[in-house]
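Listed below, chain by chain, are the residues.
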Amino acid sequence: MALPDILTRGLRLPVIGAPLFIVSHPALTLAQCRAGVVGAFPALNARPESQLDAWLAEITETLAAERTARPEAPPAPFAVNQIVHRSNTRLEKDLALCIKYRVPVVISSLGAVPEVNAAVHSYGGIVLHDVINDRHARSAIAKGADGLIAVAAGAGGHAGFWSPFALVQEIRAWFDGPLALSGAIATGGAILGAEAMGADLAYIGSPFIATTEARASAGYKEMIVASGAADILTTRAVTGISGNYLRPSIVAAGLDPDALPDREAAAMDFAAADGGGAKAWKDIWGAGQGIGAVRAIVPAASLIARLAEEYATAKMRIAAPTAR
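I will try to describe carefully the structure that is included in this document. (Residues numbered from 1 in each chain as written. Predicted model: local features only at pLDDT ≥ 70, side-chain atom pairs only at ≥ 80, totals over all residues. Heavy atoms only, no water.)

**Here we look at the overall build of the protein**
This is how it is decided: By the criteria applied, helices consist of DSSP H or I runs no shorter than four residues and strands consist of E runs no shorter than two, each listed in order from the N terminus. Here the globule rule reads 2.2 Å times residues to the power 0.38, and the radius of gyration is calculated from C-alpha atoms. Any residue under 20% of the maximum accessible area for its type is buried, any over 50% is exposed, and the rest in between are partly exposed; the area is computed with a 1.4 Å probe on protein chains only. Any two residues having at least one pair of non-hydrogen atoms within 4.5 Å are treated as being in contact. Computed with a 1.4 Å probe, the accessible areas rest on the Shrake-Rupley method; for each residue, only the protein chains presented here act as cover. The convention is simple: Lys and Arg are positive, Asp and Glu are negative, and His and the chain ends are not counted. For this purpose, a charge sits on NZ of Lys, CZ of Arg, CG of Asp or CD of Glu.
From N to C terminus, the protein includes 12 helices and 11 strands. Rg of the C-alpha trace for the protein: 19 Å, near the compact-globule value of 20 Å for 324 residues, within the 12% margin. In the protein, which comprises 324 residues, the share counted as buried stands at 53%. When contacts within the protein are restricted to residue pairs at least 6 apart in sequence, long-range pairs at least 24 apart make up 66% of them. By element, 57% of the accessible surface of the protein is carried by carbon and sulfur atoms, the whole surface being about 13300 Å². Within the protein, the 29 negative side-chain charges are centred at a point lying 2 Å from the centre of the 27 positive side-chain charges.

The structure is reproduced here in structure tokens:
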């Protein structure tokens, strides 16, 4: 099934820039869209609540002006992530602002709710729901989501447990709609690999933390550059849901990464500024296993250009006759 037009306008690389809690904001989102990938941010990153109205106005007006000025090379669309979790007391108001600004793509997480999907459909938007297994995928589509983000093992932040091969093949056995794949994708070759498996788009987060536009501390960006897969720890201790975090940041926060307390999912609280504890996200930094490919802090456009070059090279390598 071809991707809906709303996802392809201005798309120069089959990539969604994953919405990064705390880190993503208009500067990064706009840089991603201008470079030809879907830019995204979590609604909860706008604090206080009133800031979301200003952010959406800035993004929609800027992109509309650039589409008019550059019809031959328009920017890609943008997406807003809505956390559909009982502790997110802002959901109704934040969703109303998505309707007001006709946000083209809404990424729903931590709960598939028909009313959210219906609200986005009311103005012609689409909903992509992130899932970590086939059961969740079937439930999301049954409740009206238009597409899926398959979050596989190795993804940053709240991660899945399944191999990307297993997750994509089980979903594609019954679903032919829009499908993005998340999990340690940090090179152009990995983007092509996601497509070869059956995904339409790659969902890339951690490499964008180490960009000049990202709203991350210098220490966070530098730790991304300095780290690799061996530095990623999977734990429920941060929010109550299994996630991947930078081990050195846990140590820097004064905790023993090998003796972290268990935490129940019920403890997660997105009404709090940190989403789950005094040190969650702000001091304990999420990242995926693909960060070994990140070697410098660069503008988002430079990162995307590198991915595009690698993607083209990977395509040529696959198309070339095998040496015998």
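**With respect to the state of the cysteines**
Chemically, a disulfide is nothing more than a covalent bond linking the sulfur atoms of two cysteines. The criterion, for reference: When two cysteine sulfur atoms are found within 2.5 Å, that pair is recorded as a disulfide.
Evaluated as defined, the whole model comprises 0 disulfides. Note on cysteine 98: no disulfide assigned, nearest cysteine sulfur contributed by cysteine 33 at a separation of 14 Å. For cysteine 98, a relative accessible area of 1% puts it in the buried group.

**Observations regarding the sheet that holds strand 11 (residues 243-246)**
Which entries qualify depends on this criterion: For two strands to pair, DSSP has to find at least two bridges joining them.
The strand order across the open sheet built from 3 strands is 7-11-10, with neighbouring strands paired in antiparallel fashion. With one partner strand each, in any of the chains shown, strand 7 (157-158) and strand 10 (232-235) form the two edges of the open sheet. One ladder, built from 4 bridges, connects strand 10 with strand 11; its direction is antiparallel. Directly across from threonine 234, in strand 11, lies its bridge partner asparagine 244.

**A look at helix 2 (residues 26-34)**
The element helix 2 is largely enclosed, with a buried count of 7 among its 9 residues. Where helix 2 is concerned, the buried positions are Pro26, Leu28, Thr29, Leu30, Ala31, Gln32 and Cys33. Along its buried surface, helix 2 packs onto strand 1 (15-17), strand 2 (39-42), helix 3 (51-69), strand 3 (78-83), helix 9 (206-209) and helix 12 (300-319). Of the residues one or two after helix 2, glycine 36 is the one with positive phi, at around 100°.

**Digging into the packing of helix 4 (residues 91-100) against helix 5 (residues 114-121)**
Applicable threshold: Note on definitions: angles span 0 to 180 degrees between N-to-C directions of axes, and those axes are lines fitted to C-alpha atoms, for helices only across the stretch in contact. Roughly parallel refers to an angle under 35 degrees, roughly antiparallel to one over 145, roughly perpendicular to one between 65 and 115, and oblique to any angle outside these ranges. In this scheme the crossing of two helices becomes right-handed for a clockwise turn of the near helix relative to the far one and left-handed for an anticlockwise turn of less than a right angle. Throughout this entry, Asp, Glu, Lys and Arg are counted as charged residues, while Ala, Val, Leu, Ile, Met, Phe, Trp, Tyr, Cys and Pro are counted as nonpolar. The remaining residues, Gly among them, count as polar.
At a minimum axis separation of 9 Å, helix 4 and helix 5 run at an interaxial angle of 20°. When the interaxial angle is binned, helix 4 and helix 5 end up roughly parallel. For the element pair helix 4 and helix 5, the recorded crossing hand is right-handed. Each of Leu91, Leu95 and Ile99 in helix 4 lies in contact with helix 5, whose residues at this interface are Val116, Ala119 and Val120. Classifying every residue of the contact of helix 4 with helix 5 gives 6 nonpolar, no polar and no charged.

**Focus on the pattern of salt bridges**
What counts, and what does not: Any carboxyl oxygen of Asp or Glu within 4 Å of a side-chain nitrogen of Lys or Arg constitutes a salt bridge here.
Counted by the stated rule, this structure contains 8 salt bridges. For aspartate 94, the salt bridge identified is with arginine 90, shortest N-O distance 3.1 Å. For aspartate 94, a relative accessible area of 1% translates into the label buried. Of the residues examined, arginine 90 reaches a relative accessible area of 5% and is grouped as buried. A salt bridge links arginine 306 to glutamate 310; its shortest N-O distance comes to 3.2 Å. With arginine 306 and glutamate 310 both in helix 12 and 4 residues apart, this pair spans about one turn of that helix. On the basis of relative accessible area, arginine 306 is assigned to the partly exposed category, the value being 23%. Its relative accessible area of 27% is what places glutamate 310 among the partly exposed residues. When salt bridges with common partners are traced through the structure, they connect Arg34, Glu66 and Arg70 into a single cluster.

**Notes on the packing of aromatic side chains**
We count it as follows: Only Phe, Tyr and Trp rings take part, Trp by its six-membered ring, and two of them pair if their centres are within 6.5 Å. Stacked means planes under 30 degrees apart, edge-to-face means over 60, and tilted covers everything else.
Applying the stated criterion to the full structure yields 3 aromatic pairs. A ring pair is formed by phenylalanine 41 and tryptophan 55, whose centres lie 5.4 Å apart and whose planes are at 75°; its orientation type is edge-to-face. A residue pair is termed long-range when its members are at least 10 positions apart, and phenylalanine 41 in strand 2 and tryptophan 55 in helix 3 qualify at 14 residues. Grouping residues by exposure puts phenylalanine 41 and tryptophan 55 together as buried. Pairing tryptophan 174 with phenylalanine 175 gives two aromatic rings, centres 5.6 Å apart and planes at 50°, and the pair type is tilted. Residue class for tryptophan 174 comes out partly exposed when judged on its relative accessible area of 27%. Look at phenylalanine 175 and you get buried, because its relative accessible area is 9%.

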